Structures are given as C-alpha cells and as structure tokens.
Amino acid sequence: MKKLLLGDQAIAQGALDAGLSGVYAYPGTPSTEITEYIQLWHHSHPGSPVHDRWCTNEKTAMEAALGMSFAGKRALVCMKHVGMNVCADAFVNSAVTGVNGGLVVLAADDPSMHSSQNEQDSRFYGKFALIPILEPSNQQECYDMMAYAFDLSERLRLPVLMRIVTRLAHSRAVVDITDSPRPQNPLSDPADPAGWVLLPVRARRKYAQLTAVQPTLQEASAYSPFNKVVTEPKAGKAVIAAGIGYNYLMENYPDGVPFPVLKVSQYPLPVASIRALAAQSDELLVIEDGQPFIEEQLLGLLPVATVIHGRLDGTLPRTGELTPDNVKVALGLASTQTFAPSATVVGRPPALCQGCGHRSVYEALNRVLADFPTSRVFGDIGCYTLGALPPYQALHSCVDMGASITMAKGAADAGIFPAIAVIGDSTFTHSGMTGLLDAVNENSPITIIISDNLTTGMTGGQDSAGTNKFEAICRGIGVADEHLRVVVPLPANMDEITHIIREEIAYKGVSVIIPRRECIQTLARHTRQKKQNTQTPQQ
Amino acid sequence: MKTDIILAGVGGQGILSIATIIGQAALDQGLYIKQAEVHGMSQRGGDVQSNLRISSNPIYSDLIALGTADVIIAMEPMEALRYQPYLSKDGWVITATSPFVNIPNYPDIQAINAALDALPHVVRIDIESLAKANKMPKAANMILLGAAADALGMDFELLRQSVRTVFAAKGDAIVDMNLQALDLGHTHKGLLQ
C-alpha cells in the first residue's frame with residue numbers, strides 16, 4: 001500500500017509494522033509527529049495494546065522503554081536532539097546493559113535551529129555509547145529502517161540509535177508500506193539477567209563485552225543494505241554523502257554522478273569502503289548534515305596526504321543545514337541565475353498569540369519590574385520564550401529545560417534581587433521540580449512563575465504531565481501555602497496580578513505564582529470538538 | 001512532468017491545506033512527491049513556507065534550489081516576495097493581494113506591489129474579498145489554489161477530486177464550499193491577471 005507520509009510518520013508506521021509494543025517520548029520539534037501518529041493510529045485500532053502516552057521527560061521515556069525491552073518487547077523512544085542530553089545517563093548505560101526486546105532511540109536533530117537552541121549532532125551520542133547508528137536519507141528509508149533497526153537491535157542485543165534531521169522529519173513523500181505487519185513480541189526474560197545490574201563488577205564485564213562486539217558492528221555497517229558504493233571509473237574526486245546529504249548530491253546530478261560515491265546510512269563508519277574509496281581518489285568531499293562527524297573521523301582513518309573537504313575546511317558552511325544550493329557550491333558547479341532577495345521584505349518573527357495568557361503574565365511582570373531596575377528574569381523553553389522579543393523583552397535568559405528556576409537560585413545566591421523565574425507547566429514537570437527542591441531547601445529568595453496553560457503549547461498542544469497537580473506538587477516539595485498563589489492571567493485581572501507579584505518579591509524566600517488559563521489554541525480545538533460532538537448524534 | 005512549487009504565508013493562513021490538496025492530486029495521478037513543511041515555533045504568527053515538488057520521475061531533494069521554483073503560491077503579498085530568489089527566471093507568482101499586518105514595520109503596500117510588478121509573471125487575486133462576497137470565509141486558500149491551478153501542470157479535475165477526498169470527512173457542505181471556492185479562483189484568474 002502507498003501512503004503520503006512525513007518522515008516522522010513513516011518512522012511511526014515502520015515501527016508499528018515492525019511489532020512495536022510501546023512508544024515513549026516527550027514532545028519536541030521536529031520529533032513530535034512520530035508519537036502523535038502512533039496515538040492517532042491507536043485511536044483507530046482501539047484493541048491494539050501499544051503504549052503511546054506522553055512521558056514527563058526524555059529520561060523517564062528512555063528508562064520506561066528500556067524496561068519494556070527488558071520484558072522482551074519492542075520499544076521506541078523519540079525525542080529532539082537536545083532531549084538526548086536529558087536522557088543521556090539512561091541512554092549510555094542502556095548500551096552497557098544491552099537489550100532484550102528491540103530498542104530503537106530516535107533522535108531528531110535540527111540543523112539551522114529552526115526550533116531549537118543549538119545544532120548538536122546526535123551521531124556523537126551513538127558513537128559515545130558504542131552502538132549502531134542509522135541515518136535514513138528519505139521517507140522510504142525511514143519506514144524500511146525501522147524493521148531493520150529492531151531486528152539489528154535484537155540480533156546485537158544493543159539499542160540502536162536512529163538519527164534524522166528536520167528536513168526529513170517534516171517532509172512528505174509517498175511511502176510503500178507492508179500489508180503484513182509483524183506481530184508484537186511475547187514477554188520473555190533477558191538472556192543475561194545478571195548483566196542488568198550494573199554493579200561495578202558486572203558493569204566491567206558488560207563494558208568489555210560492548211567493546212568486544214565492535215568489530216561485529218563494523219561488519220554490520222560493511223554489509224548494510226543502506227550503505228551503498230557507487231563506483232565510477234573516473235578517479236580524482238570522490239564523495240562520501242551521509243543521510244539526507246545524499247539527496248542533495250543526487251539532485252545536483254540528474255544524469256548521474258560522474259565520480260565515485262559512498263552513501264553512508266549506517267554507522268560505525270564502514271572503514272574498509274572508505275579506505276577503498278580514498279585509494280582511488282586524490283580528494284574526498286564529505287557531505288553530511290549537522291556537525292563534521294564523519295569528516296573528523298576520516299582524519300584518523302586515512303593517510304595524511306588525502307585531501308578532505310567538508311565543513312571543517314569551509315567547502316561547506318560550518319553551521320546551518322545542508323541545502324541543494326550549498327552542496328552545489330561545494331561540488332564546484334555553476335550556480336543558477338536568480339532574482340536577488342527583495343529589499344522590500346522585512347522579517348516576520350513568531351509571536352505570542354493574541355489573547356494568550358502568557359501575554360498578561362509579561363504585561364504584569366514588566367509593570368512591576370519597572371520599579372526594580374536590578375531585577376533579572378530567567379526564562380525557560382516554550383512559547384513563553386517569545387517574551388524575550390518585542391513588545392515585552394522581559395527575559396534575560398533561556399538555556400535548557402528547567403534552567404529558569406535553578407539559574408534564578410544561583411543568581412540569588414550571588415546577590416541578585418529580585419531574581420525571577422518564568423517557566424511553563426510542562427517544562428516545570430519536565431525538569432523544574434528538582435530545581436524547586438534545591439531552592440526550597442535553602443529557602444532561596446526567588447519568585448517563580450509557573451505559567452500554566454494546561455498543555456505543552458509550543459509543540460502543538462500535547463497533554464502536560466502535571467495538569468491539575470501543580471499546587472500539590474509545589475506543596476509536596478515544600479513551598480509554603482501562603483506563598484503559593486494562583487491567578488487568572490487576563491488583562492482584567494492586571495491589578496490583582498501585579499499586586500501579588502509585588503507581595504511575593506517582598507517575601508525573602510521561595511514563592512510560586514501560578515497564572516493559569518488554557519492555551520487559546522487548544523481552547524479553540526476543544527470548542528470545535530465539543531461542537532462536532534453535539535452535532536453528531538450518538539450511534 | 002516536473003513542477004516545483006513554493007507555498008508561502010503566515011502561520012495559520014492555511015498553506016498546508018493547499019499543499020495537502022495538491023499532494024493528494026499528485027498521489028492519485030501516481031506522481032512522485034516531496035513536500036517539506038515548517039512546524040514548531042514559526043507557526044506562531046511567523047512566516048511559513050512549504051516546498052512542494054511533484055514529478056513523473058523520482059525526486060531526491062526535499063528542498064527546492066535557488067532560482068528553480070516554477071510557481072510561488074502566496075497567501076500574502078510580502079510573503080510572495082520573500083521567496084523570489086527561489087523563483088526561476090520564467091516562473092509564476094500567484095498571490096493574494098491583502099497584506100497580513102502583524103508586525104509594526106510592515107512595508108508600504110505600494111512598494112510591495114511595485115516589487116511584484118518587477119517579476120515576469122504575476123497573478124494577483126483578492127481572495128479575502130471574494131471569500132467574503134461569496135460567503136465562503138474559511139475557503140480563501142482554495143480560491144487561491146484555483147487561481148494557481150493552471151500553473152501547476154495538473155489536470156484541474158484532479159484537483160477537484162482531491163478537494164472531495166481531503167474534505168470528505170468534514171461533510172458535504174464543507175466539500176461543496178471548498179469546490180465552489182476552487183472553481184471561483186479558477187475562473188477569476190484570467191480577469192485579474
């Protein structure tokens with residue numbers, strides 16, 4: 001059957017057809033649509049036992065998936081690249097325990113930072129953990145690789161990292177999908193139960209096993225159906241093109257590439273193929289999206305005399321995603337005549353929606369802080385990060401999930417007053433709660449605003465793990481009742497909100513203010529659904 | 001055949017629905033498709049675009065190269081201009097005429113129109129007024145698609161069929177309104193050229 005699917009959706013469909021028992025994920029662009037697709041699929045297959053609820057963060061997701069793998073079933077973990085930092089402890093150690101049921105970790109990188117704070121390349125994590133990495137070049141490979149990845153994971157008894165980039169995650173193409181999906185695995189015990197208890201004495205044995213199996217991983221790459229050598233008699237130049245980079249190479253040569261090409265879609269690098277390629281050419285061009293992962297490794301694999309071009313020598317830009325245009329330049333092809341960019345056009349940055357509750361929060365905060373020139377406001381990751389831009393310009397930092405609270409604490413420790421944290425509801429449960437405990441334990445003089453819109457807004461309105469639990473969580477962590485305030489962020493309540501912010505800044509301890517009003521995007525969606533439900537008579 | 005299309009607009013204007021209709025029509029015709037979209041932060045009122053490529057031969061790149069787009073379809077005139085470096089020298093621009101002003105420094109509309117005049121093939125259509133006058137407020141994007149239909153290299157009836165397929169789940173009334181909008185755009189394009 002043929003279906004028009006986003007790269008993300010092809011991965012989801014591929015996982016389902018490979019006998020997936022559970023997806024574990026926290027929403028993050030550009031990975032969100034994988035889990036959403038499985039949830040939608042589940043909705044139309046209510047009898048199928050596939051776990052698909054959102055997790056609190058990437059670490060809880062990774063651990064739950066490892067637990068499912070322990071039980072013998074196939075599990076998928078999905079996240080955006082920076083989520084790898086959050087789950088890194090569980091991820092790296094899952095390579096040491098190894099797996100029982102197939103375990104695939106999907107990292108969606110975001111070169112050019114379309115919706116992210118950095119360009120880190122997840123392939124480094126795969127190499128660091130000593131596990132196989134797959135990097136599809138197109139949507140069909142996204143689909144086909146899932147069954148392959150789960151099989152490989154079970155054969156090697158290791159987790160497999162699959163790495164995609166935004167342009168593949170969020171681009172549609174026609175994908176050929178199977179008519180006979182594989183059934184789920186039955187429950188089973190791990191082959192080496194003692195190896196799951198990583199006491200040093202056992203961890204040493206397991207880690208030695210992991211390093212010993214590396215030649216097998218090499219061999220798997222050498223014979224991978226997704227790595228391909230295209231030989232051409234004409235020597236001189238040769239190209240190594242990884243993942244989506246292969247497409248941009250091929251796009252520039254509609255009649256065929258006139259020199260040898262190695263397409264890399266499985267790692268560790270197929271060293272023998274690379275050495276063979278280098279032996280028949282004077283110079284190598286590496287086309288890879290993200291950081292110079294292959295290019296740096298080549299320096300240690302090839303004779304010093306080999307000339308290597310790529311992102312390190314400036315043949316391709318050091319930062320930003322690959323495009324057909326920068327690859328064309330790197331290939332030395334003549335550029336197409338174009339119209340110059342129009343001087344009339346101005347930027348149109350994203351903005352908080354009209355009527356959004358975060359707007360009232362920043363309006364109130366700015367009114368109060370006008371009287372506190374030494375105040376600093378530590379922001380966090382979400383729609384409300386847009387409060388850093390005009391018209392509010394209300395934030396002094398945005399670093400990583402949960403950093404608002406702990407940075408405010410550190411700044412307060414250093415003597416900054418008032419130190420304010422602004423964090424969203426979903427980000428708070430993702431990574432803010434532990435920082436709040438640090439602050440409570442020292443009764444740090446900080447004011448924390450948990451702007452609760454009852455959803456994970458930026459990624460499109462997914463369920464937020466802490467909805468209806470925030471007062472209880474804060475009380476449980478030790479925030480004093482009289483300094484736990486809830487307001488409704490509406491322009492009409494501005495006097496009340498500003499008054500409360502002033503009172504809590506005056507208190508020299510931990511305060512939490514929770515402005516709570518539903519995201520207007522999800523509100524509109526819920527209203528539409530309600531209307532539809534009342535119009536459709538019950539069957 | 002091969003048509004490279006850039007769809008442009010502001011987050012929330014419905015360019016992805018246009019892409020879905022064209023994509024479905026291409027799928028029905030057995031053509032190859034690549035359609036790159038923008039999700040995430042930009043959807044909050046920022047500029048958004050989609051690269052849509054359809055061809056009778058396999059397509060490699062998800063992105064359209066500079067100077068090679070056959071058509072730019074824009075829900076907003078400044079957003080049409082934003083992508084002019086991608087337009088091929090003999091490419092077509094089909095754009096809505098009403099500016100969407102959500103930024104303080106939105107340029108003078110006359111400057112935008114003058115810049116559009118400098119491009120070789122531009123079709124302008126006041127989709128908002130047409131949608132309002134014909135009581136189809138939510139189908140302005142389908143009017144625009146109708147106006148662009150002839151530039152896509154696809155059979156118009158296939159696009160109509162695609163509208164039926166894509167909107168089927170929303171009921172006959174919605175299907176009919178979108179079909180009328182598509183037809184309206186298709187007939188108006190000549191007049192406003």
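Asks: Account for the overall build of chain A, with residues named and values stated.
Replies: Assigned secondary structure in chain A consists of 19 helices and 18 strands. The C-alpha atoms of chain A give 26 Å as radius of gyration, which agrees with the globular expectation for 539 residues (24 Å, within 12%). Overall size of chain A, expressed as C-alpha extent along the three principal axes, is 75 × 65 × 60 Å. Burial analysis of chain A (539 residues in total) assigns 52% to the buried set. Contacts in chain A between residues at least 24 apart in sequence constitute 78% of all its contacts with a sequence separation of at least 6.

Asks: Now, about the overall build of chain B: what can you tell me, with residues and values included?
Replies: Counting its regular elements, chain B contains 7 helices and 6 strands. Along the longest, intermediate and shortest principal axes, the C-alpha atoms of chain B span 40 × 40 × 35 Å. For chain B, with 193 residues in total, the buried portion stands at 55%.

Asks: Could you give an account of the domain arrangement of chain A, naming the residues involved and the relevant values?
Replies: All names here are of chain A. Taken domain by domain, chain A consists of domain 1 (2–212), domain 2 (228–330) and domain 3 (357–523). The straight-line distance from the C-alpha centre of domain 1 to that of domain 3 is 33 Å. Contacts between the two partners involve 9 residues from domain 1, matched on the other side by 10 residues from domain 3. Of the residues that constitute the side of domain 1 that touches domain 3, the class distribution is 4 nonpolar, 5 polar and no charged.

Asks: Describe the pairing of strand β6 (residues 160–165) of chain A, with residues and values.
Replies: Residues and elements named next belong to chain A. In terms of burial, β6 is a largely internal element, 6 of the 6 residues being buried. Taking every second residue as pointing to the same face, both faces of β6 are buried, with V160, M162 and I164 on one and L161, R163 and V165 on the other. The pairing of strand β4 (residues 103–109) with β6 spans 6 bridges and is parallel. What sits directly across from V105, in β6, is L161.

Asks: How would you explain the sheet that holds strand β3 (residues 74–80) of chain A if you had to name every residue and give the values?
Replies: Residue and element names in this part refer to chain A. On the basis of which strands lie adjacent, the open sheet formed by 6 strands has the order β2-β3-β4-β6-β5-β11 and mixed pairing. Where the open sheet ends on each side, the last strands, each with one partner, are β2 (20–25) and β11 (266–267). Where strand β5 (residues 133–134) and β6 come together, 2 bridges link them in parallel fashion. In the strand pairing of β6, I133 is matched with L161. Across the face of the sheet, helix α1 (residues 7–17) comes into contact with β2, β3, β4 and β6 while running at roughly 145° to β2.

Asks: How would you sum up helix α11 (residues 271–279) of chain A? Please name residues and give values.
Replies: All names here are of chain A. Of all the residues in α11, the buried ones are I274, L277 and A278. Here the buried residues of α11 occupy an arc of 95° about the axis, which is enough to place them on one side. Facing away from the buried side of α11, by more than 90 degrees, are the exposed residues A272 and A279. Looking at the buried positions of α11, the neighbouring elements they touch are β9 (236–242), β10 (261–264), β12 (281–287) and α12 (293–301).

Asks: Explain the sheet that holds strand β13 (residues 307–309) of chain A to me, using residue names and the numbers behind them.
Replies: Residues and elements named next belong to chain A. The mixed open sheet is built from 5 strands, whose spatial order is β8-β10-β9-β12-β13. Two strands lie at the open edges of the sheet, namely β8 (228–230) and β13, each paired on one side alone. Mean inter-strand twist for the sheet, computed between neighbouring axes without regard to direction, equals 20°. With 3 bridges joining them, β12 and β13 adopt parallel strand pairing. Along β13, the bridge assignment pairs E283 with V307. Contacts between α12 and the sheet are confined to β9, β10, β12 and β13, with β12 contributing the most and set at about 150° to the helix.

Asks: How would you explain helix α3 (residues 109–117) of chain B if you had to name every residue and give the values?
Replies: All names here are of chain B. Regarding α3, the residues found buried are I112, A115 and L116. Projected onto a plane normal to the axis of α3, the buried residues spread over an arc of 100° and lie on a single side. Opposite the packed face of α3, turned more than 90 degrees from it, sit the exposed residues Q110, A114 and D117. Looking at the buried positions of α3, the neighbouring elements they touch are α2 (77–82), β5 (87–96) and β6 (121–125).

Asks: Tell me about the pairing of β12(A), residues and numbers included.
Replies: Residues and elements named next belong to chain A. Inspection of the sheet shows β9 paired to β12 by 6 bridges, in the parallel sense. Paired with G236 across the bridge in β12 is S281. Chirality of the crossover, the property in question, places the unit of β12, α12 and β13 among those that are right-handed.

Asks: So what's going on with the interface of chain B and chain A? Which residues, and what values?
Replies: Each partner contributes residues to the interface: chain B has 40 residues there, and chain A has 39 residues. Elements with a contribution of two residues or more to the side of chain B that touches chain A: α1 (15–28), β2 (32–36), α2, β5 and α3 of chain B. Per element, the largest residue contribution to the side of chain B that touches chain A is 5 residues, and it comes from β2(B). Here strand β7 (residues 171–176) of chain A runs beside β2(B); their pairing, made up of 3 bridges, is antiparallel. The partner of A173(A) across the bridge, within β2(B), is K34(B).

Asks: Summarise the nonpolar core; cite the residues concerned and give the values.
Replies: Counting residues in each nonpolar core, the largest one holds 216 residues, and the members touching the most others are A25(A), V77(A), L106(A), I287(A), I72(B), I143(B) and L144(B). Not counting residues within four places of it along the chain, the set of residues in contact with A25(A) comprises S31(A), I34(A), T35(A), W54(A), C55(A), A61(A), V77(A), C78(A) and M79(A).

Asks: Which residues make up unusual backbone geometry, and what values go with them?
Replies: Residues and elements named next belong to chain A. P30 follows T29 through a cis peptide bond whose omega is 10°. Considering the arrangement of structural elements, one finds P30 in the loop between β2 and α2 (32–44). Going from F417 to P418, the amide bond is cis rather than trans, its omega being -10°. If you trace the backbone, P418 turns up in the loop between α15 (403–414) and β15 (419–424). Unusually for a residue other than glycine, L130 sits at a positive phi of about 65°. Residue position: L130 is located in the loop between α5 (123–129) and β5.

Asks: Describe the packing of helix α4 (residues 83–97) of chain A against helix α8 (residues 200–212) of chain A, and please don't skip the residues or the numbers.
Replies: Residue and element names in this part refer to chain A. Two elements in contact, α4 and α8, have axes separated by 8 Å at closest approach and are oriented at 85°. Considering their axes alone, α4 and α8 lie roughly perpendicular with respect to each other. Only A203, K206, Y207 and L210 of α8 make contact with α4, whose side of the interface consists of A95, V96 and T97. When the residues that make up the contact of α4 with α8 are grouped by side-chain class, the tally is 5 nonpolar, 1 polar and 1 charged.

Asks: Tell me what's going on with the confidence of the model for chain B, and back it up with residues and numbers.
Replies: This prediction gives chain B a mean pLDDT of 92; 96% of its residues lie at or above 70. Under the prediction, the complex receives an ipTM of 0.93, its pTM being 0.96.

Asks: Please provide a residue-by-residue account of the packing of α1(A) against helix α6 (residues 139–156) of chain A, values included.
Replies: How two helices pack is summed up by the angle between their axes together with the distance between the axes. All names here are of chain A. Two elements in contact, α1 and α6, have axes separated by 7 Å at closest approach and are oriented at 25°. The pairing of α1 with α6 is recorded here as roughly parallel in orientation. The two elements α1 and α6 meet at a crossing, and its hand is right-handed. On α6, the residues that touch G7, A10, I11, Q13, G14, A15 and D17 of α1 are Q139, C142, Y143, D144, M145, M146 and A147. Among the residues forming the contact of α1 with α6, the class breakdown is 8 nonpolar, 4 polar and 2 charged.

Scoring rules and cut-offs
Residues numbered from 1 in each chain as written. Chains lettered and ligands numbered in written order. Predicted model: local features only at pLDDT ≥ 70, side-chain atom pairs only at ≥ 80, totals over all residues. Helix = DSSP H or I, 4+ residues; strand = E, 2+ residues; numbered from the N terminus. Rg over C-alpha atoms; globule rule 2.2 N^0.38 Å. Buried ≥ 20, exposed ≤ 12 C-beta atoms within 10 Å, placed from the backbone. Contact = placed C-beta atoms within 7 Å. Domains from an automatic or database assignment. Nonpolar A, V, L, I, M, F, W, Y, C, P; charged D, E, K, R; others polar. Pairing = 2+ DSSP bridges. Axes fitted to C-alpha atoms, helices over the stretch in contact; angles between N-to-C directions. Arc of directions from axis to C-beta. Right-handed = clockwise from strand over helix to strand, strands pointing away. Core = buried A, V, L, I, M, F, W, Y, C linked by C-beta atoms within 7 Å. Parallel < 35°, antiparallel > 145°, perpendicular 65-115°, else oblique. pLDDT = per-residue confidence, 0-100. Left-handed = near helix turned anticlockwise from the far one by under 90°.

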